[in-house]
Amino acid sequence: RIEDVFSAFSAEPVAAASIGQVYRGTLRASGEEVAIKVQRPSVLQDVALDLFMLRFFAPAYQEANDVNTDVVGLVDAWGTGFVNELDYTMEAAATAEFAEAMAARGLGSVTSPEVVPSLS
């Protein structure tokens, strides 16, 4: 339950994007203030339908416009990247790796959000 993890959780998002919203919260265990990224409901289904439709119509578009490119392949590549953006677990791992890489290079002024692995 949310109240078991957070002693405070903002009622309104502090930031928003097309696939999610960010809320402010306070961890019950440590009192640390954190950002909580929440994916919009049904976004995966919406993206899957959009990609299906693009892929379905891609051959007709390619033929009608005499395009000398694999449009279905482009849709597939774009779709893979977009679906990966929906994987917040993958994003959390990439964020932690980025922070480690910047620290290893002595670029401490380049920062990223600290990930709380047990909550990601």
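Some details on the overall build of the protein
So, point 1. Within the protein one finds 4 helices and 4 strands.
So, point 2. Mapped from its N terminus to its C terminus, the protein presents α and β elements in the order α-β-β-β-β-α-α-α.
So, point 3. For 120 residues, the compact-globule estimate of 2.2 N^0.38 gives 14 Å, and the protein exceeds it by more than 25% at 19 Å.
So, point 4. Dimensions along the principal axes, computed over C-alpha positions, put the protein at roughly 60 × 40 × 20 Å.
So, point 5. Scored against the burial criterion, the 120 residues of the protein give a buried share of 19%.
So, point 6. Of the accessible surface of the protein, which amounts to about 8700 Å², a share of 58% is contributed by carbon and sulfur atoms.
So, point 7. The centroid of the 7 positive side-chain charges in the protein is displaced by 8 Å from the centroid of its 17 negative side-chain charges.

Here we look at the layout of surface pockets
So, point 1. By volume, the largest pocket is sized at about 730 Å³.
So, point 2. Together, 24 residues line the largest pocket, and A35, I36, K37, E114 and S120 are the ones closest to its centre.
So, point 3. Among the secondary structure elements, those contributing two or more residues to the lining of the largest pocket are α1 (2-5), β1 (6-9), β3 (20-27), β4 (33-39) and α4 (88-104).
So, point 4. Counting residues per element, the lining of the largest pocket draws most heavily on β4, which supplies 6 residues.
So, point 5. Looking at the lining of the largest pocket residue by residue, the classes come out as 16 nonpolar, 3 polar and 5 charged.

Overview of the environment of V34
So, point 1. As for its position among the elements, V34 is in strand β4.
So, point 2. According to the relative accessible area criterion, V34 is buried, its value standing at 15%.
So, point 3. Between the C-alpha atoms of V34 and E114, which are 80 residues apart in sequence, the distance is 9.0 Å.
So, point 4. Discounting residues that sit within four places of it in the chain, V34 has contacts with F6, Y23, R24, G25 and L27.

Section: unusual backbone geometry
So, point 1. Residue S42 is not a glycine yet carries a positive backbone phi of 60 degrees.
So, point 2. With respect to the element layout, S42 can be found in the loop between β4 and α2 (43-64).

Some remarks on the pattern of salt bridges
So, point 1. Counted under the stated rule, the structure contains 5 salt bridges.
So, point 2. The salt bridge involving E3 is made with R1; its shortest N-O contact spans 3.0 Å.
So, point 3. By relative accessible area, R1 is classed as exposed at 67%.
So, point 4. Put simply, D76 and R55 hold a salt bridge, and the shortest N to O gap is 2.6 Å. Note that D76 is positioned in helix α3 (residues 71-85) and R55 in helix α2, a separation of 21 residues in sequence.
So, point 5. Since its relative accessible area comes to 31%, D76 is described here as partly exposed.
So, point 6. Residue class for R55 comes out partly exposed when judged on its relative accessible area of 42%.
So, point 7. A single network of salt bridges, built from pairs that share partners, joins R1, E3 and D4.

About the cut-offs
- Residues numbered from 1 in each chain as written.
- Predicted model: local features only at pLDDT ≥ 70, side-chain atom pairs only at ≥ 80, totals over all residues.
- Heavy atoms only, no water.
- Helix = DSSP H or I, 4+ residues; strand = E, 2+ residues; numbered from the N terminus.
- Rg over C-alpha atoms; globule rule 2.2 N^0.38 Å.
- Buried < 20%, exposed > 50% of the residue type's maximum accessible area, 1.4 Å probe, protein only.
- Areas by Shrake-Rupley, 256 points an atom, 1.4 Å probe, with all protein chains shown as cover.
- Lys, Arg positive; Asp, Glu negative; His and termini not counted.
- Charge placed at Lys NZ, Arg CZ, Asp CG, Glu CD.
- 1 Å grid on protein atoms, 1.4 Å probe; cavity = no way out; pocket = protein on both sides within 12 Å on 5 of 7 lines; lining within 4 Å.
- Points joined across faces, edges and corners; volume = space filled by probe spheres on them.
- Nonpolar A, V, L, I, M, F, W, Y, C, P; charged D, E, K, R; others polar.
- Contact = heavy atoms within 4.5 Å.
- Salt bridge = Lys/Arg side-chain N within 4 Å of Asp/Glu carboxyl O.

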